[in-house]
Every structure is written in C-alpha cells, then in structure tokens.
Amino acid sequence: MSEALKGPDGALRCPWALSTEDYVTYHDQEWGRPVHGDDALYERLCLEAFQSGLSWITILRRREGFRAAFADFKIAEVATFTDADKQRLLGDPGIIRNRAKIEATVANARALANWAPGELDELIWSYAPDPTTRPAPKTLADVLAVTDESTALSKALKKRGIRFVGPTTAYALMQACGLVDDHLVDCVARSAP
C-alpha cells in the first residue's frame, strides 16, 4: 500500500509535498524532472549544498535571492567573484550566509569554468541508474538517502575539484534533477512528462 496522500485537488502526491503550496508547486513541476545544461545543474548542485543541514523549504523560499546573489548561477560569472563579492554575500539576507558554503559555491564555479561546455551535464548524467532496475517506491521508507551511484558521483565530482557534495547531497541532486524518479508509485507526478 502506498503512502501517497490526497492533495487539495484530490490528486495523490508524495506526503512531503503537501505541507505548503510552495512544496506542491516544486513537487509537481520540478522535482524529479530531467534537468540538463551546465549552469542549470550548477544551480541545483549549489542549492543542494546550501540545503545541507537545513530544510528544503528554507532554500526554496530563498531561491530568487540565491539567483540574484549568484548571477543566476552562470558558472562563468560566479567564477570571477572576488573576496569583496564573498563579503557582500555574507551580508546578503536573501541567501543562507554560511561562509563555507559561499566559498564552495565560488570555488566550484572556478573549477567548472575550466571544464568543456557540457562536461558537467555529461558527468552527472553518466551516473543515472537504469530505471528498469529501480522499482517505484511505495512508501517513504523505500526512498533511499544514498546509493552506490550517488556515492560514485560524489567521488567523481570531488576528484574534479567540486566541494560540498557528499553522497547524500549527490543523491538529493539526482532526485531533484530527474536522474532517478523517487515519486511514490501512485503519485500524480511519477514519470509525468
């Protein structure tokens, strides 16, 4: 029996999606949908790193602040951020003002600026598991926090100079960007186009 719950519109959804309207929108329109493009994946990677230790709703509600603060997560622009930019970010109430996470965001952009166009996209997506080997989760207990693929992705990114991307963060990235579909089996958003 699935743990999916009826939302205000009567559609079954993953239970975590029903606590706020922000979550319903994110769940239905973004989470688990394929994301491609280096800048788009860099944004998700950064947001997942900022989320570490916090609730996702905190990040989601500050997303526009993050985009404004980090030049819409354009790798080439963030790679040019100076110490003065980092100081500015530490005073920006529109984002999470965590020095280590800000430093990692800039350092990651600098590392990625040396990659070939499309290389981040290709690397991340090379760790997508075969969907036929993963049964649709019926309960939240069936949804993993770490997998062999996320551990391998984390190691590959770290080896290439990317910081703040442990196996749990890598798996959250895989879920958010559609490398895996962890919507519950009868969720309205499961494998939706």
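Residues numbered from 1 in each chain as written. Predicted model: local features only at pLDDT ≥ 70, side-chain atom pairs only at ≥ 80, totals over all residues. Heavy atoms only, no water.

- The name an unreviewed UniProt entry assigns to the protein chain is DNA-3-methyladenine glycosylase I, from the organism Streptomyces vastus.

**Structural notes on unusual backbone geometry**
For residues other than glycine, phi is negative in most cases, and the peptide bonds are mostly trans.
Argument step 1. Non-glycine residue phenylalanine 73 carries a positive phi angle of around 60°.
Argument step 2. Here phenylalanine 73 lies in the loop between helix 4 (63-69) and helix 5 (75-78).
Argument step 3. Overall, phenylalanine 73 belongs to the buried group, its relative accessible area being 0%.
Argument step 4. Despite not being glycine, phenylalanine 164 shows a phi value in the positive range, around 60°. (Helix = DSSP H or I, 4+ residues; strand = E, 2+ residues; numbered from the N terminus. Buried < 20%, exposed > 50% of the residue type's maximum accessible area, 1.4 Å probe, protein only.)

**Observations concerning helix 6 (residues 83-90)**
Argument step 1. Taken together, the buried positions of helix 6 are Lys86, Leu89 and Leu90. Projection of helix 6 onto a plane perpendicular to its axis shows the buried side chains occupying an angular sector of 100°, all on one side.
Argument step 2. Packed against the buried residues of helix 6 are helix 4 and helix 7 (99-112).
Argument step 3. At the N-terminal end of helix 6, a side-chain oxygen is found 3.2 Å from the backbone nitrogen of alanine 84, two or three residues along, and the residue is threonine 82. (Arc of directions from axis to C-beta. Contact = heavy atoms within 4.5 Å. Polar contact = N/O pair within 3.5 Å; in protein donor to acceptor, adjacent residues only side chain to side chain.)

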